[in-house]
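# Structural characterization, general
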Amino acid sequence: MPKNLVIVESPAKARTIERYLGVDYRVLASYGHVRDLPENPGKGKFGVDVDHEFAPEYVISEDRRKQVNEIEKAAKGSDMVYLATDLDREGEAIAWHVAEAAHVPEAKTRRVTFSEITEPAIREAFAHPREIDRNLVDAQQTRRIVDRLVGYTLSPLLGKKVQRGLSAGRVQSVAVRLVVEREREITAFTTREYWTIRAALATAAGEAFDADLVRIDGVAPEVPDESTSDAHVEAIRALRPIVTKLGVKTQKRSPAAPFTTSTLQQEASRKLSFSPKRTMSVAQRLYEGVDTPDGHIGLITYMRTDSTAIAGVAMGEAREVIAERYGEPFTMPKGRVYKTKSKGAQEAHESIRPTSFWRDPDSLAGTLKADELRLYRLIWQRALASQMAPKELEITTAELADGRYELRAGSTRTLFEGFARVYTEGRDDGADEDDEGTGRLPALVEGETTSVLDVTPTQHFTEPPPRFTEATLIKALEEHGIGRPSTYAATISTITDRGYVRIEERRLHPEPVAEVVTDLLVKHFGDYVDVAFTARMEEELDEIARGERGWVPLLRAFYGPLRDRVAQKDKEIDKDSITTEASDEVCSEGHPMVIRLGRNGRFLACSMYPEHKESRPLPGDEPPPQEGTGEVCPECGLGTLVGKSGRFGPFVGCSRYPDCKFIKKDGPPPPDPLPFEVVCPRNRDGHLVPRRARRTGNLFWGCSNYPKCDFTTNDEPLGGLHDPDDGPLARKGEIAICLVCGSASDTGPDDVAPGERYPGGPPNPEALARPARGRGGKPTGGASGRAKTRTTSRAGSRAPARRPAAAKPAAEA
């Protein structure tokens, strides 16, 4: 039996580490968190005892009980239990929860951490175990409790005052606020026209080049309209610009720092079109280990980090790889060290980098899945480029003037590629920063006179700030100090999954409910959804992690005012003032209509609701005209068919909804009724009517008493009766069969006349064994629902079904 037990989060990580540690170690996976605050603690409860020092009431997840029992059993037979969960606060908390849930004695518990899953890193970590850091645990526990208190106090208020099912969160509500406020900036933006002017010039030798108008009368030009532009264009055509100044300078551009969690998510969004959630899922697999030519090994360092540091050993390896692949001029002799710029960075460990720079992406092309290879290539290139020599550019500018007009021409030339040989960082809402090759200058000298070949004016319009992408929203959250590496992807997923934000063409658009909720929270709880407040809370959690602050006093100072504010606002806020606006519209009965907020956005509703329930889309939001609108409702005969919009899209329904719930179905026209009555073989109070399947449009026949009776058949009723049991006959291919017993009639289907009785042979075993379709296509039992042991008479009484008569002897016949 192994003497030592090791606990990690994932099975993949467990398999990798067990190979490195040998037979004295058994590695088990906890599969992430094993216990948490209860999901449904009960009305008015939080899963936190707010009256007794905010003691959390943890429960073991049902889907993790098996793992906890297995860990507890294995721990009893082990000399030492090593908790090797991830090295951030969440990992520290998981380690503590595992030990507590599995009742592992503190004396035999040790904590080990590592930033990469390679054999040297694992052995180094196990050579230096430590105790569980309770400060880190307390910080993570406090974050969880704060989020629970915010969510479970504000969310019920939103459900009561705005719309059921809404939620609020300490970070998510701030993220939604950023998206809403950006949308309002765009809406309020006023577009302004302006023009730029470019001249095509030529030297005395006939060499042409372009120059831009940069000043008129010594100030930046303002050309607001076409007429002003035309006047300047005509004046410039007559000029003979003189070169007044020449400048040549060399510029060095340094590479971007290695990835942090935030910058990895941003760049993967820009270059790979990965969502943050997808990025982290793929990165997790690369970190935990894959089968490579070198064996099963982790390919990247830990992917939840806000540090840009690279270990000295890794820097040395990168320098060797760069020298071999690209030459000594591309190396940095002493390596390049970056200073983290993000607000509140913890810098607990390294940046995201390959565990070995010698494992280049091409060597893993046959090993990794497509997503894994693309992300690994991005990480490898970025980390390697960060240790390469800077890019060197030569920038030449020429200033020209004639009278009141000053022009500038320029060109950029690459002297040395440097890091750009491997990687250049993407840009949000624009091209990469290098614009070389866009300009070319001939050999000019100061005092040289040029001629104007042509002048081109170009019209532009100022543009509003762009909507957030997932990448730029993460960047904004990081810049404001909101959230931490482990929370960015979860925050984006939350605000989209809960219907506050939708993604269209990779841009974040707020839903109407997001604006209503944001306005309510900003007006009544502005200090709790303020960017500065949320960032300050992150700093206070950092103080707890460093042991500089107690977690219970922080919660006490936070929760009391929040609880009192919610109780006060619950009395003050009127739901109609939040979700209802006046309008100029009137309903069909002449009542004023108001704008209400529903699950699908704003709509017009009668102010007399619930006495009058008429509603319709807002002007301009009506669904496109659909066939059938304006017709009289075929079901009630009183309303008219109007276009509506529901959760599944536009449809046509009765204007008297909900008094009449008719909805016009798309697809084939309704089938013609049978020209004769056919009694339902199962429910003699009903008769068979033709219908079409909702999904396929296929024709079938069912009982008119549906859903009380769910008998259906695909066989066309013929109107005749099977003499032995009064069962209706139906066409099945080239024969007529009885819908009660399933036997075939001696008469062909084309010879069956409505109302006539026909003899038949013995029951068909296949038909008797075939179950009937019930509701949802489920079998109803019996022989296609046709051969029941009992049947119902027309009067509704229960009577035995008659068995098919036996064939009579010829003499009797």
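Residues numbered from 1 in each chain as written. Predicted model: local features only at pLDDT ≥ 70, side-chain atom pairs only at ≥ 80, totals over all residues. Heavy atoms only, no water.

## A short note on the overall build of the chain
For the chain, the count of helices and strands is 18 helices and 33 strands. In the chain, buried positions account for 48% of the 813 residues. Total accessible area computed for the chain in this model is approximately 41,000 Å², and 49% of it derives from carbon and sulfur atoms. (Helix = DSSP H or I, 4+ residues; strand = E, 2+ residues; numbered from the N terminus. Buried < 20%, exposed > 50% of the residue type's maximum accessible area, 1.4 Å probe, protein only. Areas by Shrake-Rupley, 256 points an atom, 1.4 Å probe, with all protein chains shown as cover.)

## Focus on the pairing of strand E14 (residues 391-402)
In this sheet, E14 lies alongside strand E11 (residues 242-253) in antiparallel orientation, the contact comprising 11 bridges. The residue bridging Ile 242 from the neighbouring strand is Ala 401, located in E14. Joining the antiparallel neighbours E14 and strand E15 (residues 405-416) is a turn of 2 residues, in which Gly 403 adopts a positive phi near 70°. (Pairing = 2+ DSSP bridges.)

## Observations concerning the packing of aromatic side chains
In total, this model carries 12 aromatic pairs according to the counting rule given. Measuring from centroid to centroid gives 6.3 Å for Phe 533 and Phe 558, while their planes differ by 20°, and the two rings are stacked. Note that Phe 533 is positioned in helix H15 (residues 531-545) and Phe 558 in helix H16 (residues 551-572), a separation of 25 residues in sequence. Within the aromatic cluster, the residues linked to one another by ring pairs are Tyr 25, Tyr 82 and Phe 126. (Phe/Tyr/Trp six-rings, centres within 6.5 Å; stacked < 30°, edge-to-face > 60°.)

## Section: the nonpolar core
A general feature of soluble globular proteins is that nonpolar side chains tend to end up buried together. By size, the foremost hydrophobic cluster in this structure holds 80 residues, and its most contacted members are Leu 158, Leu 473 and Tyr 500. It is helix H5 (residues 134-161) that provides the largest number of residues to this core, a total of 10 residues. Once you skip the residues sitting within four places of it in the chain, Tyr 500 turns out to touch Leu 158, Leu 166, Ser 167, Gln 172, Val 176, Ile 495, His 509, Pro 510, Glu 511, Val 513, Ala 514 and Val 517. With 61 residues, the next largest nonpolar core counts Leu 21, Val 112, Ile 352 and Ile 379 among its residues. (Core = buried A, V, L, I, M, F, W, Y, C linked by side-chain atoms within 4.5 Å. Contact = heavy atoms within 4.5 Å.)

## Quick look at the sheet that holds strand E21 (residues 601-606)
Strand pairing in a sheet relies on backbone hydrogen bonds. The paired strands run either parallel or antiparallel. The strand order across the open sheet built from 4 strands is E19-E20-E21-E22, with neighbouring strands paired in antiparallel fashion. In this open sheet, the two strands that pair with only one neighbour each are strand E19 (580-586) and strand E22 (615-616). In this sheet, E21 lies alongside strand E20 (residues 592-598) in antiparallel orientation, the contact comprising 6 bridges. Looking at the pairing, Leu 597 lines up with Arg 602 of E21.

## Notes on unusual backbone geometry
Going from Tyr 609 to Pro 610, the amide bond is cis rather than trans, its omega being 10°. Within the secondary structure layout, Pro 610 lies in the loop between E21 and E22. Despite not being glycine, Phe 54 shows a phi value in the positive range, around 55°. Position of Phe 54 among the secondary structure elements: in the loop between strand E4 (48-49) and strand E5 (55-56). Overall, Phe 54 belongs to the buried group, its relative accessible area being 4%.

## Examining the environment of Arg 148
Note that Arg 148 resides in helix H5. In the structure, Arg 148 is positioned 101 residues away from Gly 47 in sequence and 8.3 Å away in space, judged by C-alpha atoms. Other than its neighbours up to four places away in sequence, Arg 148 contacts Leu 37, Pro 38, Glu 39, Pro 41, Phe 46 and Gly 47. Among the polar contacts made by the side chain of Arg 148, one reaches the main-chain carbonyl oxygen of Pro 38 at a distance of 2.9 Å. (Polar contact = N/O pair within 3.5 Å; in protein donor to acceptor, adjacent residues only side chain to side chain.)

## Let's talk about helix H9 (residues 276-288)
Since the α-helix advances by 3.6 residues per turn, residues separated by three or four positions end up pointing in the same direction. Between its first and last C-alpha atoms H9 spans 18 Å; for 13 residues at 1.5 Å apiece the expected length is 18 Å, and the two agree. Among the residues of H9, Pro 276, Thr 279, Met 280, Val 282, Ala 283, Gln 284, Leu 286, Tyr 287 and Glu 288 are the ones counted as buried. Here the buried face of H9 lies against helix H1 (11-21), helix H8 (261-272), strand E13 (295-297), helix H11 (370-385), helix H12 (470-479) and helix H13 (488-497). (Expected span 1.5 Å × (residues − 1).)

## Description of the pattern of salt bridges
Opposite charge on two side chains allows them to pair when their charged atoms are near. This structure, assessed with the given rule, holds 58 salt bridges. Two residues, Arg 184 and Glu 515, come together in a salt bridge whose shortest N-O distance is 3.5 Å. Highlighted residues: Arg 184 in helix H6 (residues 172-188) and Glu 515 in helix H14 (residues 512-525), separated in sequence by 331 residues. For Arg 184, a relative accessible area of 34% translates into the label partly exposed. In this structure, the salt-bridge partner of Arg 682 is Asp 710, at a minimum N-O distance of 2.8 Å. Residue Arg 682 is found in the loop between strand E24 (649-654) and strand E25 (688-692), and its partner Asp 710 is found in the loop between strand E26 (699-703) and strand E27 (712-713); the two are separated by 28 residues along the sequence. In this pair, the class of Arg 682 matches that of Asp 710, namely buried. It is possible to trace a salt-bridge network through shared partners that takes in Arg 536, Glu 539, Glu 540, Glu 543 and Arg 549. (Salt bridge = Lys/Arg side-chain N within 4 Å of Asp/Glu carboxyl O.)

## Here we look at the environment of Trp 358
Structurally, Trp 358 can be placed in the loop between helix H10 (312-326) and H11. Take Trp 358: its relative accessible area is 39%, and that puts it in the partly exposed class. In this structure, the C-alpha to C-alpha distance between Trp 358 and Trp 380, residues 22 residues apart in sequence, is 9.8 Å. The contacts of Trp 358, once residues within four sequence positions are left out, are Glu 317, Glu 320, Val 321 and Glu 324.

## Structural notes on the confidence of the model for the chain
Looking at the chain as a whole, its pLDDT mean stands at 83, while 87% of the residues score no less than 70. Least confident of the elements in the chain is strand E32 (residues 790-792), whose mean pLDDT is 31; most confident is strand E16 (residues 451-461), at 95. In the model, residues 430-437 has pLDDT below 50 throughout and makes 14 contacts with residues more than four positions away in sequence or in other chains. Counted against residues more than four places away or in other chains, residues 765-813, with its pLDDT under 50, gives 87 contacts. (pLDDT = per-residue confidence, 0-100.)

## Looking at the sheet that holds E25
Within the open sheet, the 3 strands sit side by side as E25-E26-E27. Their pairing is antiparallel. If you trace the sheet from one side to the other, it starts and ends with E25 and E27, each paired once. By the bridge criterion, 2 bridges tie E26 to E27 in an arrangement that is antiparallel. The residue of E27 that forms the bridge with Gly 702 is Thr 712.

## Looking at the packing of H8 against H11
With their axes 11 Å apart at the nearest point, H8 and H11 run at an angle of 120° to one another. The angle between H8 and H11 places the two elements in the oblique class. Considering the relative orientation of H8 and H11, their crossing is right-handed. Taking contact as the criterion, the partners of Thr 263, Leu 264, Glu 267, Ala 268, Lys 271 and Leu 272 in H8 are, on H11, Arg 374, Leu 375, Leu 378, Ile 379 and Arg 382. Taken together, the residues of the contact of H8 with H11 sort by class into 6 nonpolar, 1 polar and 4 charged. (Axes fitted to C-alpha atoms, helices over the stretch in contact; angles between N-to-C directions. Parallel < 35°, antiparallel > 145°, perpendicular 65-115°, else oblique. Left-handed = near helix turned anticlockwise from the far one by under 90°. Nonpolar A, V, L, I, M, F, W, Y, C, P; charged D, E, K, R; others polar.)

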